[in-house]
Amino acid sequence: MAQRTIVITGASSGIGAELARHLGSAGHRLVLAARTKGKLEGVARQAGTDARAVVTDVTSRADVERLRDDAIRAFGHVDVWVNNAGQGIDKRALDLTDEDLDEMMAVNVKSALYGMQAIVPHFIDRGAGHLINISSFLGRVPLATNRSAYNAAKAALNALTANVRVDLRASHPGIHVSLVMPSVVSTDFPKHARGSTSVVASSSPMKPQTPEEVATIIAALIERPVAELFTNPAAPALAARYLRDIGAFEAETAG
């Protein structure tokens, strides 16, 4: 496996932290970003001597641009940029406030847009690079309506990712753009959802995955880029069934 310089946002816990540890053990150079300094530095230590922690608020364009600049200063260039930062919500759509929706869009969509706009010009200059956006199966199939604005934000991220990929495909074939859609993952993510007071029970028919399993899948994606990737092996068939007859699928899951 060739050594790469990889930036990961949302790297202080969950999938991001496990991905950092996995890639660090493989010898990659890492620049890890999150808001919580202590936890982030702890993950960086676990990821190895070539891992740097950069405290970053990804909802700030200036912070994201500083993250890019720090990575290039430290290692000369960036090969892979992983937009992983995100936050959930536990509130149905008709109960959402302006603040709820604004925060979900800022953390889950605008942060990724800032990352894309910061790093893609660098990839264009180099003629190569890999942009990876971590979305959610809930952005494709409405299995958990209590996640409402989170689902909507991830659907928006799906669309933005596809648009960027198509824009770059003809003129910059050396740049890969990938969308990753995990399903249920065994992390503390539900506990930290906006409005949540406890772990949110999942109604997904898919077996939960561990962060380690998802990290391994993303690491393989870095080696062999594809446009879209469901991390759960049961997800493609479920998504296909949903799109084949949306009304029937929704009537079944609502019952």
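Everything below is about the structure printed above this text.
Residues numbered from 1 in each chain as written. Predicted model: local features only at pLDDT ≥ 70, side-chain atom pairs only at ≥ 80, totals over all residues. Heavy atoms only, no water.

Draft legend 1. Spotlight on the packing of aromatic side chains. Scanning the entire structure with this criterion turns up two aromatic pairs. On the basis of an interplanar angle of 80 degrees and a centroid distance of 5.2 Å, the ring pair of Y242 and F249 is categorised as edge-to-face. The two residues Y242 and F249 agree in class, both being buried. (Phe/Tyr/Trp six-rings, centres within 6.5 Å; stacked < 30°, edge-to-face > 60°. Buried < 20%, exposed > 50% of the residue type's maximum accessible area, 1.4 Å probe, protein only.)

Draft legend 2. Region of interest: the pairing of strand β2 (residues 29-34). Burial analysis of β2 places six of its six residues in the buried class, the great majority of the element. Residues R29, V31 and A33 line one face of β2 and the alternating positions L30, L32 and A34 line the opposite face, and both faces are buried. Sheet analysis places strand β1 (residues 5-9) next to β2, joined by five bridges and oriented parallel. Residue V7 lies in a different strand from β2, and its bridge partner there is V31. As a crossover connection, the stretch from β1 through helix α1 (residues 14-25) into β2 is right-handed. Two elements, β2 and strand β3 (residues 51-55), share five bridges in a ladder whose sense is parallel. Bridge pairing in β3 links A33 to V54. (Helix = DSSP H or I, 4+ residues; strand = E, 2+ residues; numbered from the N terminus. Pairing = 2+ DSSP bridges. Right-handed = clockwise from strand over helix to strand, strands pointing away.)

Draft legend 3. Examining the packing of helix α3 (residues 61-75) against helix α4 (residues 98-126) more closely. Taken N-terminus to C-terminus, the directions of α3 and α4 make an angle of 35 degrees; their axes are 9 Å apart at the nearest point. In this structure, α3 crosses over α4, and the sense of that crossing is right-handed. From α3, R61, V64, E65, R68 and I72 reach across to α4, where they touch Y114, G115, Q117, A118, I119 and H122. Taken together, the residues that form the contact of α3 with α4 break down as five nonpolar, three polar and three charged. (Axes fitted to C-alpha atoms, helices over the stretch in contact; angles between N-to-C directions. Left-handed = near helix turned anticlockwise from the far one by under 90°. Contact = heavy atoms within 4.5 Å. Nonpolar A, V, L, I, M, F, W, Y, C, P; charged D, E, K, R; others polar.)

Draft legend 4. Spotlight on empty space enclosed by the protein. Following the criterion strictly, the structure yields one cavity of 30 Å³ or more and no others. Counted as a void, the largest cavity has a volume near 70 Å³. Looking at the largest cavity, it is lined by 14 residues, and the ones nearest its centre are T9, N83, A85, S111 and A112. Among the secondary structure elements, those contributing two or more residues to the lining of the largest cavity are β4 (80-83), α4 and α5 (148-171). Take the lining of the largest cavity: its biggest share by element is four residues, from α4. Within the lining of the largest cavity, the residues separate by chemical class into seven nonpolar, six polar and one charged. (1 Å grid on protein atoms, 1.4 Å probe; cavity = no way out; pocket = protein on both sides within 12 Å on 5 of 7 lines; lining within 4 Å. Points joined across faces, edges and corners; volume = space filled by probe spheres on them.)

Draft legend 5. Examining the sheet that holds β1 more closely. As summarised here, the arrangement of the seven strands in space is β3-β2-β1-β4-β5-β6-β7, forming an open sheet in which the pairing is parallel. Whereas interior strands pair on both sides, the edge strands pair on one side only; in this sheet they are β3 and β7 (228-230). Taken over all neighbouring pairs, the strand axes of this sheet differ in orientation by 15 degrees on average, direction set aside.

Draft legend 6. Seen up close, the environment of V82. Within the element layout of this structure, V82 appears in strand β4. Spatially, the C-alpha atoms of V82 and P236 are 22 Å apart, while their sequence positions differ by 154 residues. Leave out the neighbours within four places in its chain, and V82 touches I6, V7, I8, T9, L19, I132 and I134.

Draft legend 7. View of the pattern of salt bridges. Scanning the model with the defined rule gives ten salt bridges in all. With a shortest N-O distance of 3.6 Å, D63 and R66 are connected by a salt bridge. One end of the pair, D63, and the other, R66, are both in helix α3, three residues apart, so they sit about a helical turn from each other. The shortest N-O distance in the salt bridge between R140 and E228 comes to 3.2 Å. Of this pair, R140 sits in the loop between β5 (129-134) and α5 while E228 sits in strand β7; the two residues are 88 residues apart in sequence, bridging distant segments of the chain. On the basis of relative accessible area, R140 is assigned to the partly exposed category, the value being 25%. It is possible to trace a salt-bridge network through shared partners that takes in D63, R66, D70 and R73. (Salt bridge = Lys/Arg side-chain N within 4 Å of Asp/Glu carboxyl O.)

So far we have only geometry, and geometry alone does not tell us how the molecule works.
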